[in-house]
Amino acid sequence: MSTEPPGAPEDSQSRHDWLTSLDRAHVWHPFTQMQTWLEPLPGDEPVIIDQARGCWLFDTKGRKYLDAISSLWVNVHGHRKPEIDRAIKLQLEYVGHTTLLGLASPPSIELAAQLVQRAPRFEGQPVLNKVFYSDSGSTAVEVALKIAFQHWRLRGKPKKAKFVALGEAYHGDTIGAVSVGGMDIFHQIFHPLLFDVLRVPTPYVYRWPTGARHCLEASALAAEAIIAGRHEEIAAFILAPLVQGAAGIITHPPGYLRRIAKACRDYGVLLVCDEVATGFGRTGSLFACEQERVVPDILCLAKGLSGGYLPLAATLVTDEIYESFLGPFESKRTFFHGHSYTGNPLGCAAALASLRIFDEENALEHGWQMAQRLEKGLKEIAKLEHVGDVRQRGLMIGIELVKDRRSKEEYPYEDRIGHRVCLAGRKREIMLRPLGSVIVILPPLSINAAEVDLLTEAVRDSIREVTEG
Ligand SMILES: *Cc1c(COP(=O)(O)O)cnc(C)c1O
């Protein structure tokens, strides 16, 4: 049954044209210069995705594309995964949505227990035991910031009110998340609206000013100095562990997270790990912080949480933090925060099904094998004349294009070099989206070997066509 209104054209070309004109008339696309969208260059016409299956997207013109960015880093087990489809349909036979404000629901209860059971856990470190739901990565981060802030007020340490964040941080697009964010191109204009943050350098190995060898030590020392020197005013240190996705898939040197975690613990600063992008197997383990044997005080999850099906997010905290908020009703220690769709049952049902697939189909192991296969293909790409750096952690890959390999000179912004490579990819049935001059490869964990090979070849040929052509 069609969901389209009466009057929608039936033949596919007319339907495509009709949808295109309505899109142009009424839809404002995120992170998109709409003037360019409305007047596209040849080869850059809007693509309308109609259906998807597995790792493949199908558009209204009958073309297909490999979903090499997991529909913006959310999809985990492929599209129309029967087990997840069934779980959502089954939940629909009970109810689509009921609130968590003053009421409970079976899927949100079961999912909370599952998340706690699977969260990073190591001897001698705090245990993440409580789950606060929301509906996007940005809100998972807002919740983390507000909980950390209120925690210290409730503990009688109101001076601990500042956050430390990394230079090129990205934590979402709401005002609190933008405040801890540090990407000038997205965040600069909003500066007057934002709260002050203590900034430490991003451990960006490829572009570390004094050379790659010094990156870990120098960046960790800088962060440790801030923590040691100003811990009395610091509520929390927030970072995306192992990989800073939106900054350009910047992969941290091994050992960085562990040092930050140790300094936070030594000085009584809360550690917030934003695993919105890295969570659910992207970096090779279910959560990235496991790889450095780190349990944060607060863990933010979204994107892959529902398998990439529905907007669902969770902020996990320790009992110690949770207990700060306890008191008699009239104490007003309550965490006064919540969203209309907090803990949506359909999203939770999808998430439960997604977690089950990790157990039943060895999704982590499969993803890891595909990551290793990709690594082989990337070796060829790394040799290309305009590839400056290839960075990989599991199935998160960034290929940084440079005008000049030796000087690492960047391409000018207006060249849209990354975008042009992605358009060249489209001709080869690969759907990509760049971050500036960085080509991002971030496929679902369920990608198969043949798809990996197609992907690496298409990316290599697309880069060559645009940068050497
Ligand atoms: C995508 C992302 C967010 C924001 O998530 P939304 O669901 O888009 O609000 C926050 N943090 C990180 C690390 C992300 O990659």
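Residues numbered from 1 in each chain as written. Predicted model: local features only at pLDDT ≥ 70, side-chain atom pairs only at ≥ 80, totals over all residues. Heavy atoms only, no water.

## Some details on the nonpolar core
Here is step 1: With 88 residues, the main nonpolar core has Phe237 and Ile399 as its most contacted residues.
Here is step 2: Summarising the domain contributions, this core has at least three residues from each of domain 1 (47-77 + 363-468) and domain 2 (87-360).
Here is step 3: The residues contacting isoleucine 399, other than those within four sequence positions of it, are Leu378, Ile381, Val387, Asp389, Val390, Ser437, Val438, Ile439, Ile441, Val459 and Ile463.
Here is step 4: Of all hydrophobic cores here, the second largest spans 27 residues; its members include Ala144, Ile147, Trp152 and Phe163. (Core = buried A, V, L, I, M, F, W, Y, C linked by side-chain atoms within 4.5 Å. Buried < 20%, exposed > 50% of the residue type's maximum accessible area, 1.4 Å probe, protein only. Domains from an automatic or database assignment. Contact = heavy atoms within 4.5 Å.)

## As for the environment of serine 12
Here is step 1: Assignment of secondary structure puts serine 12 in helix 1 (residues 12-26).
Here is step 2: For the pair serine 12 and threonine 60, spaced 48 residues apart in the sequence, the C-alpha separation amounts to 6.7 Å. (Helix = DSSP H or I, 4+ residues; strand = E, 2+ residues; numbered from the N terminus.)

## Focus: the sheet that holds strand 16 (residues 438-441)
Here is step 1: Sheet architecture is open: three strands sit in the order 13-14-16, paired in antiparallel fashion. The outermost strands of the open sheet, each flanked by one partner alone, are strand 13 (387-393) and strand 16. Neighbour-to-neighbour, the strand axes of the sheet open up by a mean angle of 15°, direction not taken into account.
Here is step 2: Most of the contacts of helix 13 (residues 363-382) go to strand 13, to which it runs at about 175°, and overall it touches strand 13, strand 14 (396-401) and strand 16. (Pairing = 2+ DSSP bridges. Axes fitted to C-alpha atoms, helices over the stretch in contact; angles between N-to-C directions.)

## Some details on the domain arrangement of the protein
Here is step 1: Looking at the protein, the domain boundaries give domain 1 (47-77 + 363-468) and domain 2 (87-360).
Here is step 2: Here domain 1 and domain 2 have C-alpha centroids that lie 27 Å from each other.
Here is step 3: Residue-level contacts link 32 residues of domain 1 with 30 residues of domain 2.
Here is step 4: Across the domain 1/domain 2 interface, buried area totals approximately 2600 Å², and carbon plus sulfur atoms make up 61% of it. (Buried area = accessible area lost by both parts, 1.4 Å probe.)

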